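Each chain, letter by letter, is given below.
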Amino acid sequence: MSNLLFYGDNLSILRNEIKDESIDLIYLDPPFKSNATYNILFKGQSGKQSSSQIRVFEDTWRWGMEAENAFDEIMKSGENSNVSEMIRSMRIFLGQNDMMAYLVMMAVRLVELHRVLKPGGSIYLHCDDTASHYIKVLMDAVFGQENYVNNIVWRRATSHNDPKRFGRIADHILFYSKSGGKHFWNGYAAAMPKTEEEIKDAYPSEDERGHYRTADLTGSMHNAKKGSPSSLPWRGYDVHSMGRHWSPPKTGFYARYIEENLLPGYLAIKGVHERLDALDKAGLIHHPKKGKWPGLKRYAAADQGNPPQNIILKPTGFTNYTKGKEYLGYPTQKPLALLEKLIKVSSKKGDVVLDPFCGCGTAVHAAQKLGRKWIGIDVTHLAISLVERRLTDAFPKVKYEVHGTPKDLEGARELAKRDKYQFEWWALSLVKAIPYQGKKRGADSGIDGLVYFQENRDTNERVVIQVKGGASVGVSMIRDLKGTMEREKAPLGLLVTLAEPTAPMKKEAVAAGFHTIYGGEGRRYPKVQIITIEELLGGKTPEIPRIDELAFKKTPRELGEMKPEKLL
């Protein structure tokens, strides 16, 4: 399967593009019901964080026709009576409010996520405490209460000053499987090494091989029949009289460790007493001076560390996560180390990881880094273009397919008709521009996007960009662009158009003349340029000087699988 990135409504994509039981692991961080408007922040001209913002999505769900239709669909589906009864009861309790809209819209999506998850798969749903108690009940209905595994608490900050209440510094990650205890689990893949003090406490004895502790060599009698070899005495120790039987390791991690490091050929030994004799001869059995039972020596060198716990702290070394080198400015971005931990313990290399609310692509990034296949879905072109750039920066040779974004002129026209803001963000991504920080929906500042370039070593300048998705264009647009350039003191301007420019437009643009960069480059650039979507799709690029990469949030390149930042 190819790695896939989808633009669009995840409900439609799940239903039409994702096959039954095809996904090994799902992570989702859906918009919370927290009445907050989240924004993407971009660096300003100096490369520092800009205080102005662009609205990306409102983290508020409203009860309306879409929610009503989703509720009606749940009631009529008949596929899961637990879900329909739970949603019906919650509507009686909550009424037709924003929280109910959030739960209904999540319910139809969770049903689809249950369908696409493999029988041995797992799902992690990330939420805050505003709705976590309701989501827990919803997850119980969809996945089954018996398939609940954990509530993981992630401490996202060290402190927070909330008026008249305890500081809210933690999120919740609800962990479910699809088939109870049959889900894949490799906890030691994300284990934390023990400290020196922990090693000394856990392995108090010492010999020439190092620190060790004694482990039981016996098991309960119900696992062995009377008279079987494992119930017979060995070296004077009568285990049967104490209701036990001999059980030296023959499978599992420590048996393999003995074979590979302490006693070659151990795994080939068949008999119970023969294994005991071999272990004893190799000095791997401790015979106590007092007490009844010998014990197997388990060495600290084989310790796999502390398995992951259900409280996860923020990455060490972060005083403020937004200042971390991996932070891209996306409002709900999570640390890469957090996603690596979840993916490592609940999947193996080659498995398929799905994030239906992929945002800036942290789960996708972690999956790629750890050798998993992945599918990411998001409803904004701004997020999709950010994920594409992140993948290109971190993994220059990564291969993946993008679906839902325009591939030809007809697709671009369709997007422009459907949503002019999504068209605008997509068009800006074609010229590697960032959306203008000061622009709000419905307002016209004369600037849709910006590209920064280096005038010289000490000066950064801007290319002012306007995007026009209408069916007709005119010379007045060039005059407006020139006026904006003059007001903003920008030396270059670019008009990106869906329609073919007219002859008067081209003449007006040429009349603006050239901007010359002196010094090392010594080249002239047309002050006002026009480029069409068709030309961009065909590979043409605007004439822009050396782009200042500091204006973008660049993801560090990954050099193979790297050790994740420490998460306790």
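Keep in mind that what you see is a predicted model, and the values were worked out from it rather than measured.

Draft legend 1. Quick peek at the sheet that holds strand β9 (residues 210-216). Reading across from one edge, β8-β9-β13-β12 is the order of the four strands in this open sheet, with antiparallel pairing throughout. The outermost strands of the open sheet, each flanked by one partner alone, are β8 (205-207) and β12 (285-286).

Draft legend 2. Seen up close, the packing of helix α1 (residues 10-17) against helix α4 (residues 98-116). With their axes 10 Å apart at the nearest point, α1 and α4 run at an angle of 30 degrees to one another. In terms of their interaxial angle, α1 and α4 are classed as roughly parallel. Considering how the two elements wind past one another, α1 and α4 form a crossing that is left-handed. Here N10, L11, L14 and R15 of α1 lie close against α4, whose contacting residues are V108, R109, E112, L113 and R115.

Draft legend 3. Here's a closer look at the packing of aromatic side chains. All chains considered together, the criterion is met by 12 aromatic pairs. Consider the rings of Y212 and Y299, whose centres lie 5.6 Å apart with planes at 55 degrees: the pair is tilted. With Y212 in strand β9 and Y299 in strand β13 (residues 295-299), this residue pair connects regions lying 87 residues apart in the sequence. We classify Y212 as buried; its relative accessible area is 6%. For the pair W374 and Y400, a centre-to-centre distance of 5.8 Å together with 45 degrees between the ring planes defines the contact as tilted.

Draft legend 4. Structural context of the sheet that holds strand β19 (residues 449-454). Taking strand neighbours across the sheet as the criterion, the five strands line up as β18-β19-β20-β21-β24 in an open arrangement whose pairing is mixed. Of all the strands in the sheet, the pair left with one neighbour each is β18 (434-435) and β24 (528-532). The sheet contact formed by strand β21 (residues 492-497) and β24 spans five bridges and is parallel. Each bridged residue has a counterpart across the sheet, and for L495 the counterpart in β24 is I530. In this fold helix α14 (residues 475-488) packs onto β20 (460-468), β21 and β24, with an angle of close to 155 degrees to the strand it touches most, β20.

Draft legend 5. Quick look at unusual backbone geometry. Phi is positive for K164, which is not a glycine, with a value near 60 degrees. Note on placement: K164 falls in the loop between β6 (148-155) and β7 (170-177). The class for K164 is exposed, based on a relative accessible area of 91%. In this structure, K489 takes a positive phi of about 55 degrees despite not being glycine.

Draft legend 6. Just the environment of I384, in detail. When you line up the elements, I384 lands in helix α11 (residues 381-394). Between the alpha carbons of I384 and V402 there is a distance of 8.8 Å; along the sequence they are 18 residues apart. Ignoring sequence-local partners within four residues, the contact set of I384 consists of L5, F6, Y7, D378, V402 and T405.

Draft legend 7. View of the pairing of β21. With respect to burial, β21 is a largely interior element, six of its six residues being buried. Going residue by residue along β21, you find L492, L494 and V496 tucked away on one face and G493, L495 and T497 tucked away on the opposite face as well. Where β20 lies against β21, six bridges are found, and the strand directions are parallel. The residue of β21 that forms the bridge with K468 is T497. For the segment spanning β20, α14 and β21, crossover handedness is right-handed.

Draft legend 8. Looking closely at a negative patch on the surface. Among the surface-exposed residues, E196, E197, E198 and D201 lie close enough to one another that they form a single negatively charged patch. Residue classification places E196 among the exposed positions, given a relative accessible area of 64%.

Draft legend 9. Region of the structure containing the side chain of S347. As for its placement among the helices and strands, S347 is situated in the loop between α9 (336-346) and β15 (352-355). Within the structure, the side chain of S347 is placed 2.6 Å from the backbone oxygen of I343, a separation counted as a polar contact. Discounting residues that sit within four places of it in the chain, S347 has contacts with L25, F184 and R372.

Draft legend 10. Layout of the nonpolar core. Formed by 57 residues in total, the largest nonpolar core has its most connected members in Y124, F423, V463, I465, V496 and I533. The element that contributes the greatest number of residues to this core is α9, accounting for six residues. Setting aside chain neighbours within four positions, we find I533 in contact with L409, A412, F423, W426, A427, L430, V496, T497 and L498. With 52 residues, the next largest nonpolar core counts M100, V108, L113 and M139 among its residues.

About the cut-offs
- Residues numbered from 1 in each chain as written.
- Predicted model: local features only at pLDDT ≥ 70, side-chain atom pairs only at ≥ 80, totals over all residues.
- Heavy atoms only, no water.
- Pairing = 2+ DSSP bridges.
- Helix = DSSP H or I, 4+ residues; strand = E, 2+ residues; numbered from the N terminus.
- Axes fitted to C-alpha atoms, helices over the stretch in contact; angles between N-to-C directions.
- Parallel < 35°, antiparallel > 145°, perpendicular 65-115°, else oblique.
- Left-handed = near helix turned anticlockwise from the far one by under 90°.
- Contact = heavy atoms within 4.5 Å.
- Phe/Tyr/Trp six-rings, centres within 6.5 Å; stacked < 30°, edge-to-face > 60°.
- Buried < 20%, exposed > 50% of the residue type's maximum accessible area, 1.4 Å probe, protein only.
- Right-handed = clockwise from strand over helix to strand, strands pointing away.
- Patch = residues over 30% accessible without salt bridge, like charges linked within 9 Å, V, L, I, M, F, W, Y side chains within 5 Å.
- Areas by Shrake-Rupley, 256 points an atom, 1.4 Å probe, with all protein chains shown as cover.
- Salt bridge = Lys/Arg side-chain N within 4 Å of Asp/Glu carboxyl O.
- Lys, Arg positive; Asp, Glu negative; His and termini not counted.
- Charge placed at Lys NZ, Arg CZ, Asp CG, Glu CD.
- Polar contact = N/O pair within 3.5 Å; in protein donor to acceptor, adjacent residues only side chain to side chain.
- Core = buried A, V, L, I, M, F, W, Y, C linked by side-chain atoms within 4.5 Å.

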